[in-house]
Amino acid sequence: MWDFFTEPEFQRKLDWMDAFIRDEVEPLDLVFGGHAHRDMDDRLRGIVEPLKRQVKDQGLWACHLGPELGGQGYGQLKLALMNELIGRSGWAPVIFGCQAPDTGNAEIIAMYGTAEQKERYLQPLLDGECFSAYSMTEPHAGADPRLFRCRAVRDASGDWVISGEKYFTSNASSASFLIVMAVTDPEAHPYKRMSMFLVPTATPGVEILRNIGTIGERPGHGAHAHIRYDDVRVPPEALLGEEGGAFAVSQARLGGGRIHHSMRTVAAVKKAFDMMCERVLSRQTHDGLLAEKQMVQAAIADSYIQIQQFRLMILHTAWLIDQSSTREARTQIAACKVAAARVFHDVVYRAMHIHGALGVSNETPLARLWQSAPLMGIMDGPTEVHLASISRRVLRDYSPAEGPWPTEFLPDRTAAARAKYGLSGSG
């Protein structure tokens with residue numbers, strides 16, 4: 001049965017979130033923008049903690065997790081509807097206990113961690129008492145694990161000693177601990193070479209060489225760390241999951257992260273779209289409203305169509321995950337990831353262009369959104385990698401033609417049809 005209906009009880013939750021984010025959370029972006037992933041002083045904590053308490057009272061805290069971990073077990077479809085609202089604000093993920101990269105880190109610790117690891121690392125993360133970071137990509141290799149060099153070697157004492165560099169480890173400067181992917185068996189299959197380790201940020205030898213910003217941020221300022229691990233010693237119990245199992249752990253983590261990024265992209269492009277629609281109804285030209293111009297109407301229509309197609313693809317993918325798993329929905333997740341970058345680019349550009357000089361100024365959110373557009377095609381794996389992955393999986397369902405001509409070669413099909421009905425000749 002097909003159904004596009006949201007239960008009234010959950011719709012009331014969404015309505016509360018809509019008003020709460022608009023009235024209580026989005027103002028934080030205007031006054032404390034850029035502070036969402038930093039350690040808070042007493043003044044900011046006094047503002048943020050009561051907002052978190054309201055979310056918890058509504059039963060909306062960390063809803064990406066199951067009930068056994070303090071979440072609601074809503075599933076990906078309901079999360080998609082929630083993230084359409086959460087994605088409007090930089091602070092909202094923190095207020096709702098679902099900020100990246102902590103969400104993905106919490107999920108893999110919950111899936112693969114020991115009881116001691118869950119107590120030490122997971123519970124404070126779930127309670128919103130700390131931040132974490134995921135240290136995977138490397139300066140020379142990007143996100144290709146087959147090229148990683150950062151090593152973890154077990155010494156005579158049984159400890160692991162980690163040596164190497166990692167690049168673009170988001171939020172490392174404010175994280176209490178890092179999840180580090182390191183090569184433990186260089187001779188193994190490329191996807192069995194690496195293991196995951198839980199490493200407190202204060203461990204001797206963890207050195208943040210510099211923090212990198214993204215487009216629009218001043219050099220030397222940013223939240224993405226270049227880290228050197230200089231003989232960082234951790235005990236055997238720091239291993240997360242099985243030795244050699246890092247690739248499987250990372251795929252479990254990234255699959256959910258990619259669909260969540262796509263969900264929140266809907267919120268960003270809808271904000272740009274709403275601004276565009278308001279602008280064309282407000283701005284007069286010498287012979288009428290912008291909204292009366294056919295090229296402007298085409299921009300509105302194209303944006304609407306793209307957003308609707310994208311949103312429905314995400315909701316369908318979320319439904320598929322709920323029915324099976326992120327592994328079974330890998331093709332659809334990759335498709336959402338590719339579409340997110342394209343829709344983000346197209347809709348934000350049109351909105352910015354229609355606003356003219358104001359659109360490229362720093363007095364609307366559009367320039368900030370536009371600066372994020374290139375990131376959508378790079379983070380969680382470049383678009384090209386996902387396109388290749390989609391193609392490989394799609395082609396598994398097809399076979400080459402059996403003869404010299406395509407299966408749909410009309411002369412052969414027509415001859416077969418005539419033979420089926422006992423017809424002869426060409427009449």
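Residues numbered from 1 in each chain as written. Predicted model: local features only at pLDDT ≥ 70, side-chain atom pairs only at ≥ 80, totals over all residues. Heavy atoms only, no water.

- An unreviewed UniProt entry annotates the protein chain as Acyl-CoA dehydrogenase originating from Streptosporangium canum.
- Looking at the Sequence similarities (unreviewed entry) heading of the UniProt record, one finds this comment for the protein chain: "Belongs to the acyl-CoA dehydrogenase family."
- Under the Subunit (unreviewed entry) heading, UniProt states for the protein chain: "Homodimer." (UniProt positions renumbered as here; feature names shortened; annotations may be inferred.)

What to know about the UniProt feature "domain: Acyl-CoA oxidase/dehydrogenase middle" (unreviewed entry) in the protein chain
Part 1 of the reasoning: The feature "domain: Acyl-CoA oxidase/dehydrogenase middle" (unreviewed entry), as given by UniProt, occupies residues 133–231 in the numbering adopted here.
Part 2 of the reasoning: Taken end to end, residues 133–231 has its terminal C-alpha atoms 19 Å apart, with 0% of it in helix and 47% in strand. (Helix = DSSP H or I, 4+ residues; strand = E, 2+ residues; numbered from the N terminus.)

Focus: a nonpolar patch on the surface
Part 1 of the reasoning: Taken together, the side chains of W2, F4 and L312 present a nonpolar region at the surface, about 460 Å² in accessible area.
Part 2 of the reasoning: Looking at L312, the relative accessible area reads 40%, which means it is partly exposed. (Patch = residues over 30% accessible without salt bridge, like charges linked within 9 Å, V, L, I, M, F, W, Y side chains within 5 Å. Areas by Shrake-Rupley, 256 points an atom, 1.4 Å probe, with all protein chains shown as cover. Salt bridge = Lys/Arg side-chain N within 4 Å of Asp/Glu carboxyl O. Buried < 20%, exposed > 50% of the residue type's maximum accessible area, 1.4 Å probe, protein only.)

So, empty space enclosed by the protein
Part 1 of the reasoning: Per the stated rule, a full pass over the model turns up four cavities of 30 Å³ or more.
Part 2 of the reasoning: Every element with two or more residues in the lining of the largest cavity is listed here: α5 (102–112) and α6 (115–126).
Part 3 of the reasoning: Counting residues per element, the lining of the largest cavity draws most heavily on α5, which supplies three residues.
Part 4 of the reasoning: A breakdown of the residues in the lining of the largest cavity according to their chemical character gives seven nonpolar, five polar and one charged. (1 Å grid on protein atoms, 1.4 Å probe; cavity = no way out; pocket = protein on both sides within 12 Å on 5 of 7 lines; lining within 4 Å. Points joined across faces, edges and corners; volume = space filled by probe spheres on them. Nonpolar A, V, L, I, M, F, W, Y, C, P; charged D, E, K, R; others polar.)

Some thoughts on the environment of K192
Part 1 of the reasoning: Structurally, the position occupied by K192 is in the loop between β4 (177–183) and β5 (194–200).
Part 2 of the reasoning: With relative accessibility at 55%, the residue K192 sits in the exposed group.
Part 3 of the reasoning: Between the C-alpha atoms of K192 and E243, which are 51 residues apart in sequence, the distance is 8.5 Å.

Details of the environment of A373
Part 1 of the reasoning: Along the chain, the position of A373 falls in helix α10 (residues 366–376).
Part 2 of the reasoning: Classification of A373 by relative accessible area gives buried; the value is 8%.
Part 3 of the reasoning: In this structure the C-alpha to C-alpha distance between A373 and L281, which are 92 residues apart in sequence, comes to 26 Å.
Part 4 of the reasoning: Here A373 is in contact with F344 and H345, once residues within four sequence places are set aside. (Contact = heavy atoms within 4.5 Å.)

Topic: the domain arrangement of the protein chain
Part 1 of the reasoning: When its domains are assigned, the protein chain resolves into domain 1 (8–99), domain 2 (132–240) and domain 3 (248–397).
Part 2 of the reasoning: Between the C-alpha centres of domain 2 and domain 3 the distance comes to 31 Å.
Part 3 of the reasoning: With six residues of domain 2 at the contact, the number on the domain 3 side is six residues.
Part 4 of the reasoning: On the surface where domain 2 and domain 3 come into contact, there are zero salt bridges.
Part 5 of the reasoning: At the surface where domain 2 touches domain 3, the tally comes to zero residue pairs in polar contact (both at pLDDT 80 or more). (Domains from an automatic or database assignment. Polar contact = N/O pair within 3.5 Å; in protein donor to acceptor, adjacent residues only side chain to side chain.)

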